[in-house]
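Understanding the architecture of this molecule
Below are the chains, spelled out letter by letter.
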Amino acid sequence: MPPADIVDDAWSDSDDELEADVETAVDLGIPDGPVDDLASLLDPTVSRIGGHPTFLSAPHPPTAHATCQNCSQPMELLVQIWCPLEDSPNDRALFVWGCANGPCQRKEGSIRAWRELRFNKKYAEKLERKLARRKQKELEAAKAAAAEAAKKTQPKSNPFALGATAGPNPFGLGSQIFGGASEPAPEPTQTDPAERDGSSDDEHPSDGESGTEDEDDSLVAGMQSASLEDSPWKAAPAYPPLYLSTVAEYLPPPPKVKVPAGATVDPDDENVSKGKDSGGWDFEGYENSLDVDHAFERFSRRVSYEGEQCLRYEHGGTPLPYASDKVFDKLFPVPPAPPTPVTKAEFMVTPPRKRTFAPGSLPRCPHCQSRRVFECQLMPNLINVLKAPTEEQKKMTDEERRAEVLRTLRGQGASGRRGMEWGTCMVFSCEKDCSGEEAGSTWREELVLVQWEE
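Overview of the structure. (Residues numbered from 1 in each chain as written. Predicted model: local features only at pLDDT ≥ 70, side-chain atom pairs only at ≥ 80, totals over all residues. Heavy atoms only, no water.)

The next thing to look at is the overall build of the protein chain. A count of helices and strands for the protein chain gives ten helices and twelve strands. When burial is assessed residue by residue, the protein chain has 36% of its 454 residues classed as buried. Counting only contacts in the protein chain whose residues sit at least 6 apart along the sequence, the fraction spanning at least 24 positions is 78%. Only carbon and sulfur atoms are counted for the fraction: they give 54% of the accessible area of the protein chain, which is about 28500 Å². (Helix = DSSP H or I, 4+ residues; strand = E, 2+ residues; numbered from the N terminus. Buried < 20%, exposed > 50% of the residue type's maximum accessible area, 1.4 Å probe, protein only. Contact = heavy atoms within 4.5 Å. Areas by Shrake-Rupley, 256 points an atom, 1.4 Å probe, with all protein chains shown as cover.)

If you want it as structure tokens, here you go:
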């Protein structure tokens, strides 16, 4: 509840006091209608919810990639994300599969994530040219800085000293009138083609119209070769496909609090004024004594600003924990307590300890031994959006309903129950985005940490 002295300001109708929402570094994925276009279904650059996977190239991976490690049954695709990295020469897609069988819930291996990479020769060549131009600019900037520093350190000459070089004579027009030797004109500098046509080094499209057409042709050819017509993936179970659109996350600005003179204020956990979640978590002694899950409260508050979100994406960012459980303690460990003073402990004021995201606690990539970073997480609304193809609303009699309740209470109905029970699924990928030496596509399974619904 805000302090009483700022209630009037909060209810003020002055437009000058209204602040715009703050954009964070998180991209939100929201459902955007069914995918009923065949071209979109075959396009791996179209992110989607459900449906069958569309791979970057052939041959396709084995269907064992999408097999539950508990029941050994094929799993449905939850999301497919087109997520190439700007400074990588590889096309990149992320696939997340999930098992909805009742006995497999709350078990490791029921949610699996795979990363597919395909080397893009055209974009790799553009990256080389971009890197060369960047190095050239850095070299020129370093030379200019060195020349400027040398000019500043050079001692000033005394115009009245013996042998001093005479400065230009403002009245010496004879050389100009009578054709004296003049200084050679500076040679014209050549303009970089990228600067002449207005393109920048950070632009993703390829250089030239023909390059774009070649990339489009190669992408279409890759899509056709990656079709599921004669693939066992076509027989895999699937949810109805939906478009996954991306929007930026906006949070309301923090309230302005009048601070008394001499007082200090601890910054807000979410640090929205910087446009990014700082990952800090207050950990005070009273939290363990109260029956309140502060992680879930923060999760609910953050998600309430965009209730339709099914995905949160921030490569190299900070995950949003669902609850205070073992996964939370692993990702946000409790910092060590300050040493206890020997005397006058009652007069010591200790600031609250803050939990911060510790990616070093995660297992490293088994292929290149690089550390893993957070990439994305699935949100609870995804379960509401997904609908199983065999899930039909059939009417039950009172006896059937009572029998179903008894089976559930006795734990006998879990084998036939379907439905996912997680709160969020966090995907952590290789920081270096490692790929294999072989031609074609590379597949890497990434780490998934699941916080289950309590």
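Turning next to the pairing of strand β5 (residues 111-119). Among the nine residues of β5, eight are classified as buried, and the element is accordingly described as predominantly covered. Pairing analysis gives nine bridges linking strand β4 (residues 90-98) to β5, with the strands arranged antiparallel. If you follow Arg92 over to β5, its bridge partner there is Leu117. Two strands pair when backbone bridges link them, and β5 and strand β12 (residues 441-452) are joined in this way by six bridges, in the antiparallel orientation. Of the residues in β12, the one forming a bridge with Ala113 is Glu446. (Pairing = 2+ DSSP bridges.)

Moving on: the packing of aromatic side chains. If you walk through the whole model with that rule in mind, you get twelve aromatic pairs. For the ring pair Phe55 and Phe95, a centre distance of 5.6 Å and an interplane angle of 50° mean the geometry is tilted. A residue pair is termed long-range when its members are at least 10 positions apart, and Phe55 in the loop between β2 (48-49) and β3 (76-82) and Phe95 in strand β4 qualify at 40 residues. Plain terms: the ring middles of Phe374 and Phe428 are 5.9 Å apart, the flat faces sit at 65° to each other, and that makes the pair edge-to-face. Here the residue Phe374 occupies a position in strand β10 (residues 372-378), and Phe428 occupies one in strand β11 (residues 422-430), the gap between them amounting to 54 residues. (Phe/Tyr/Trp six-rings, centres within 6.5 Å; stacked < 30°, edge-to-face > 60°.)

Enumeration according to the criterion identifies 15 salt bridges in this entry. A salt bridge links Glu445 to Arg112, with the nearest nitrogen and oxygen atoms 2.9 Å apart. Here the residue Glu445 occupies a position in strand β12, and Arg112 occupies one in strand β5, the gap between them amounting to 333 residues. Notably, a salt bridge pairs Glu446 with Arg372, separated by 3.4 Å at the nearest N-O pair. Of this pair, Glu446 sits in strand β12 while Arg372 sits in strand β10, placing them 74 residues apart in sequence. You can call Arg372 buried: its relative accessible area is 6%. One network of salt bridges, in which partners are shared, links Arg92, Arg115, Arg372, Glu375, Asp433 and Glu446. (Salt bridge = Lys/Arg side-chain N within 4 Å of Asp/Glu carboxyl O.)

Strand order in this closed barrel of ten strands is β1-β6-β2-β3-β4-β5-β12-β11-β10-β8, and the pairing throughout is antiparallel. The pairing of β2 with β3 spans two bridges and is antiparallel. Along β3, the bridge assignment pairs Ile49 with Val79. Helix-sheet contacts for helix α7 (residues 294-303) involve β1 (22-34), β6 (242-251), β8 (311-313), β10 and β11, and the interaxial angle to β6 is about 105°. (Axes fitted to C-alpha atoms, helices over the stretch in contact; angles between N-to-C directions.)

Spacing of three or four residues puts side chains on the same side of an α-helix, whose turn is 3.6 residues. Taking 1.5 Å of rise per residue, 33 residues should cover 48 Å, and helix α3 (residues 121-153) covers 48 Å from first to last C-alpha, within 8% of that figure. Buried residues of α3: Tyr123, Ala124, Lys126, Leu127, Lys130 and Arg133, and no others. Sitting at the amino-terminal end of α3 is Asn120, which places a side-chain oxygen 3.3 Å from the backbone nitrogen of Lys122. (Expected span 1.5 Å × (residues − 1). Polar contact = N/O pair within 3.5 Å; in protein donor to acceptor, adjacent residues only side chain to side chain.)

The next subject is the nonpolar core. One finds Ile49, Leu78, Val96, Ile111, Leu378, Leu382 and Trp422 to be the most contacted residues of the largest nonpolar core, which totals 28 residues. Leave out the neighbours within four places in its chain, and Val96 touches Glu76, Leu77, Leu78, Val79, Ile111, Arg112, Ala113, Leu378 and Val427. Core analysis: the second largest hydrophobic core is formed by 14 residues, Leu56, Ala66, Phe95 and Trp97 among them. (Core = buried A, V, L, I, M, F, W, Y, C linked by side-chain atoms within 4.5 Å.)

When we look at burial in α7, the residues that qualify are Ala295, Arg298, Phe299, Arg302 and Val303. Taken down its axis, α7 places every buried residue within 125° of arc, on the same side. (Arc of directions from axis to C-beta.)

A separate point is unusual backbone geometry. Here the amide bond leading from Ala58 into Pro59 is cis, since omega sits at 0°, within 30 degrees of zero. When you line up the elements, Pro59 lands in the loop between β2 and β3. The backbone of Arg106 sits at a positive phi, close to 65°, despite the residue not being glycine. Mapped onto the secondary structure, Arg106 falls in the loop between β4 and β5.

Turning next to the pairing of β1. Bridge analysis of β1 against β6 gives eight bridges, and the strand direction is antiparallel. Bridging across to β6, Gly29 finds its partner in Thr246. Bridging between β1 and β8 involves three bridges; their strand directions are antiparallel. Residue Leu28 lies in a different strand from β8, and its bridge partner there is Arg312.

Relative to the elements of secondary structure, Pro333 occurs in the loop between α8 (326-331) and β9 (353-355). When its relative accessible area of 34% is taken as the criterion, Pro333 is described as partly exposed. With 22 residues separating them along the chain, Pro333 and Arg355 place their C-alpha atoms 6.1 Å apart. Those residues in contact with Pro333 that sit more than four places away from it in its chain are Arg355, Thr356 and Ala358.

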